[in-house]
Amino acid sequence: SDILCYIRLSLLIEKNSRAPVPIASLTKLLTAAVGLSRYPLDPRVTVNPAALVESPDAGFLRSGDRFTLAELLRLMLVESSNNAAYAVAELESPGQFIDLMNETVRGWGLTATTFFNPSGLDPQILNAEINQSSATDLLRLAVYLLREQPEVWQLSRQFSQPVYTADGQFHHEIKPTNQLLVSSAWSSQIVGGKTGQTDR
C-alpha cells in the first residue's frame, strides 16, 4: 500500500532503534491484536473485580458491567483504559493471555519485545520486569496490523461516539488520549494510533 511504501522510503537515519525500552500503553496494541485473533467483536464480556486493577481508571468500569468486546477494545485503545485491557485478558485463563501475547510476537520475529501484563502499567515492585519493545519492533507491529488486523487501527480512531453497555445503556462519553483525534485539521486523516506514557 502507499502507507507501507512511505514507511520504507522515509527511513533515512536511525539510532538505538533495536534497543528494548519500556513501552507503557503501546502494549494495548498487542492486547487488542490477540483479542481480535481469538474472538469476534460482538460477544458480551462481564467486567470482573479482578480486572479493576486501577481506580479511578480512564474507562470508568465497574464490577458487573457488560460490554461487547468491540467496546472494550475501543475503551482500551482510545481512552487507554487499563481495566478494559485486563477485562479483555480475562477472556483466557490467568496468565494464558500473557503467554499468547509473547507467543504472538515471537511468531512475528519481534525479538526485542516481551510482555508481563496486558495494559503496560509499571509494576508496583521496584526492579520488577516490565513490558518492553524497540522502535524497530513497534514499526513492524504497526505494519503487521495495517496488513492483517486493520480493525485495531479502525477502533483506535473511533472516539466521538458515547460508550454503551452491551444492553444499550449509556455508560460515559469517551475522552481520547490522542489529541490528533480531536484536531479538526487531523482527525479525518488519522489511520489509527496509540499513546503511552508512564513514570518509567
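So, here is what we can say about the structure in this document. (Residues numbered from 1 in each chain as written. Predicted model: local features only at pLDDT ≥ 70, side-chain atom pairs only at ≥ 80, totals over all residues. Heavy atoms only, no water.)

Tallying secondary structure elements over the protein chain gives 7 helices and 6 strands in all. Element order for the protein chain, N to C, with α for helix and β for strand: α-β-α-β-β-α-α-α-β-α-α-β-β. Computed over the C-alpha atoms, the radius of gyration of the protein chain is 16 Å, within 12% of the 16 Å expected from 2.2 N^0.38 for a compact globule of 200 residues. Considering the protein chain as a whole, with its 200 residues, one finds that 42% of them fall into the buried category. For the protein chain, contacts bridging at least 24 residues in sequence account for 69% of all contacts bridging at least 6. Of the roughly 10800 Å² of accessible surface on the protein chain, a fraction of 53% belongs to carbon and sulfur atoms. (Helix = DSSP H or I, 4+ residues; strand = E, 2+ residues; numbered from the N terminus. Rg over C-alpha atoms; globule rule 2.2 N^0.38 Å. Buried < 20%, exposed > 50% of the residue type's maximum accessible area, 1.4 Å probe, protein only. Contact = heavy atoms within 4.5 Å. Areas by Shrake-Rupley, 256 points an atom, 1.4 Å probe, with all protein chains shown as cover.)

Okay, the nonpolar core next. Among the nonpolar cores identified, the biggest contains 40 residues, and L30, L72, L73 and L75 are the most heavily contacted of them. Elements with a minimum of two residues in this core: α2 (27-38), α3 (69-78), α4 (82-89), α5 (96-107), α6 (135-148) and α7 (150-156). The element best represented in this core is α3, accounting for 7 residues. (Core = buried A, V, L, I, M, F, W, Y, C linked by side-chain atoms within 4.5 Å.)

Although it is not a glycine, N16 adopts a positive phi angle of roughly 55 degrees. One non-glycine residue, F60, lies in the positive phi region at around 55 degrees. As for its placement among the helices and strands, F60 is situated in the loop between β2 (44-46) and β3 (66-68).

Mapped onto the elements of the fold, E71 is located in helix α3. Classification of E71 by relative accessible area gives buried; the value is 12%. Side-chain polar atoms of E71 contact the backbone nitrogen of Y164, separated by 3.1 Å. With sequence-adjacent residues up to four places away left out, E71 is seen in contact with P162, V163 and Y164. (Polar contact = N/O pair within 3.5 Å; in protein donor to acceptor, adjacent residues only side chain to side chain.)

Turning next to the pattern of salt bridges. Note that side chains of opposite charge can pair when their charged atoms are close. In this structure the tally under the stated criterion is 4 salt bridges. Across the pair E14 and R18 runs a salt bridge, and its minimum N-O distance is 3.2 Å. A relative accessible area of 44% means that E14 is categorised as partly exposed. Judged by relative accessible area, R18 falls into the exposed class, the value being 55%. R62 is the partner of D65 in a salt bridge, and the nearest nitrogen-oxygen pair spans 3.7 Å. (Salt bridge = Lys/Arg side-chain N within 4 Å of Asp/Glu carboxyl O.)

Okay, the packing of α2 against α4 next. Where α2 meets α4, the axes come as close as 10 Å, and the angle between the chain directions of the two elements is 30 degrees. Between α2 and α4, the angle is such that the two are roughly parallel. Two packed elements cross with a definite hand, and for α2 against α4 that hand is left-handed. Within the contact between the two elements, α2 uses K28, T31 and G35 and α4 uses N82, A85 and V88. Here the residues of the contact of α2 with α4 sort into 2 nonpolar, 3 polar and 1 charged. (Axes fitted to C-alpha atoms, helices over the stretch in contact; angles between N-to-C directions. Parallel < 35°, antiparallel > 145°, perpendicular 65-115°, else oblique. Left-handed = near helix turned anticlockwise from the far one by under 90°. Nonpolar A, V, L, I, M, F, W, Y, C, P; charged D, E, K, R; others polar.)

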